[in-house]
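If you want the building blocks of each chain, they are given just below.
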Amino acid sequence: MLNAIYDYPVEITKVDVKNLLGIDVTDEIFEVLIGAHIYIYDVLIYPTFNEDIKRRIIDKHREVLEKPLKKALLTQFDYMYRNGDVGNWNGFLQSDGNSVDSKEQQEILTKMFAPRVINILKGAPIDLLYAGG
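Owing to the predicted nature of the structure, the values given are computational and were not obtained by experimental measurement.

**Q** What's the story with the side chain of Lys54 in this structure? I'm lost.
**A** Residue placement: Lys54 occurs in helix H4 (residues 51-60). Buried Lys54, no salt bridge; nearest opposite-charge side chain is Asp127, N-O distance 6.6 Å. At 3.3 Å, the side chain of Lys54 and the backbone oxygen of Tyr130 are in polar contact. If sequence neighbours within four positions are ignored, Lys54 has contacts with Ile45, Tyr46, Thr48, Phe49, Leu128, Leu129 and Tyr130.

What follows is the structure, encoded as structure tokens:
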């Protein structure tokens, strides 16, 4: 169970992955399951405003947000399972010994997420990627 470790408001479990994707989550694959949660919450949802506020929004509107969150998590898990952790393809390479090639990093960042994940989260009854303003 991820929730006890990472305290994410909505999660997918080994059982969800088996029932919905037909993939047995072994100990080796469990890291992919954790990675999917980290990418969705810690990289996409929380940084777009404030983690505490986003958690409260999800908790308050769990009834309408649980399905799109699980769908996004399953989609990201399946993408990472089939393609590997794209974020680790080359890490943070220093092009001249002192700096990071930002164009290269941006390309990696855009490939870290399953193409449908952004649309799933933006299409939720409450846009989880909205940063306010």
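**Q** I'm lost on the environment of Asp59 in this one. Help?
**A** Secondary-structure assignment places Asp59 in helix H4. Here the alpha-carbon distance between Asp59 and Val10, two residues 49 residues apart in the chain, equals 8.8 Å. A polar contact of 2.9 Å, which involves the side chain of Asp59, links it to the side chain of Arg62.

**Q** Would you mind showing me how to read the packing of helix H5 (residues 62-83) against helix H7 (residues 115-122) here?
**A** Axes are the key here: two packed helices are described by the angle between their axes and the distance separating the axes. Packing of H5 against H7 leaves a shortest axis separation of 9 Å and a crossing angle of 175 degrees. Taken together, the axes of H5 and H7 lie roughly antiparallel to each other. Within the contact between the two elements, H5 uses Pro68, Leu69, Lys71, Ala72, Thr75, Gln76 and Tyr79 and H7 uses Pro115, Arg116, Val117, Ile120 and Leu121. Residue composition of the contact of H5 with H7, grouped by class: 8 nonpolar, 2 polar and 2 charged.

**Q** Explain the nonpolar core to me, please; I cannot follow it from the model alone.
**A** Generally speaking, nonpolar side chains in soluble globular proteins are found buried as a group. Counting 36 residues, the largest nonpolar core has Val17, Ile40, Tyr41, Ile45, Leu69, Phe77 and Leu121 as its most contacted members. The set of elements that each furnish at least two residues to this core consists of helix H3 (27-45), H5 and H7. Examining the composition of this core, we find that 11 residues originate from one element, H3, more than from any other. In this structure, Leu69 is in contact with Val10, Tyr41, Ile45, Ile58, Leu121 and Leu128, ignoring residues within four places of it in sequence.

**Q** Any chance you could explain the packing of aromatic side chains here in plain terms?
**A** Given two aromatic rings, their pairing is described by the distance between the two centres and the angle made by the two planes. Tallying each qualifying case throughout the model produces 4 aromatic pairs. Look at Tyr8 and Tyr41: their rings are 4.6 Å apart centre to centre, the planes differ by 10 degrees, and that puts the pair in the stacked class. Taken together, the residues Tyr8 in the loop between helix H1 (3-6) and helix H2 (14-21) and Tyr41 in helix H3 connect sequence positions 33 residues apart. Residue Tyr8 is classed as buried on the basis of its relative accessible area, which comes to 2%. Relative accessible area serves as the criterion here: at 0%, Tyr41 is assigned to the buried category. Measuring from ring centre to ring centre gives 5.5 Å for Tyr41 and Tyr46, while their planes differ by 40 degrees; the resulting arrangement is tilted.

**Q** What should I look at first to understand the packing of H2 against H5 in this one?
**A** Where H2 meets H5, the closest approach of the two axes is 11 Å, and the angle between their N-to-C directions is 80 degrees. On the basis of the axis angle, H2 is roughly perpendicular to H5. Every residue of H5 that contacts H2 at Asp16, Val17, Leu20 and Leu21 is listed here: Lys70, Leu74, Phe77 and Asp78. Residues that form the contact of H2 with H5 fall into these classes: 5 nonpolar, no polar and 3 charged.

Basis of the calculations
Residues numbered from 1 in each chain as written. Predicted model: local features only at pLDDT ≥ 70, side-chain atom pairs only at ≥ 80, totals over all residues. Heavy atoms only, no water. Helix = DSSP H or I, 4+ residues; strand = E, 2+ residues; numbered from the N terminus. Buried < 20%, exposed > 50% of the residue type's maximum accessible area, 1.4 Å probe, protein only. Lys, Arg positive; Asp, Glu negative; His and termini not counted. Salt bridge = Lys/Arg side-chain N within 4 Å of Asp/Glu carboxyl O. Polar contact = N/O pair within 3.5 Å; in protein donor to acceptor, adjacent residues only side chain to side chain. Contact = heavy atoms within 4.5 Å. Axes fitted to C-alpha atoms, helices over the stretch in contact; angles between N-to-C directions. Parallel < 35°, antiparallel > 145°, perpendicular 65-115°, else oblique. Nonpolar A, V, L, I, M, F, W, Y, C, P; charged D, E, K, R; others polar. Core = buried A, V, L, I, M, F, W, Y, C linked by side-chain atoms within 4.5 Å. Phe/Tyr/Trp six-rings, centres within 6.5 Å; stacked < 30°, edge-to-face > 60°.

Without other data, these values stay purely geometric and don't point to any function.
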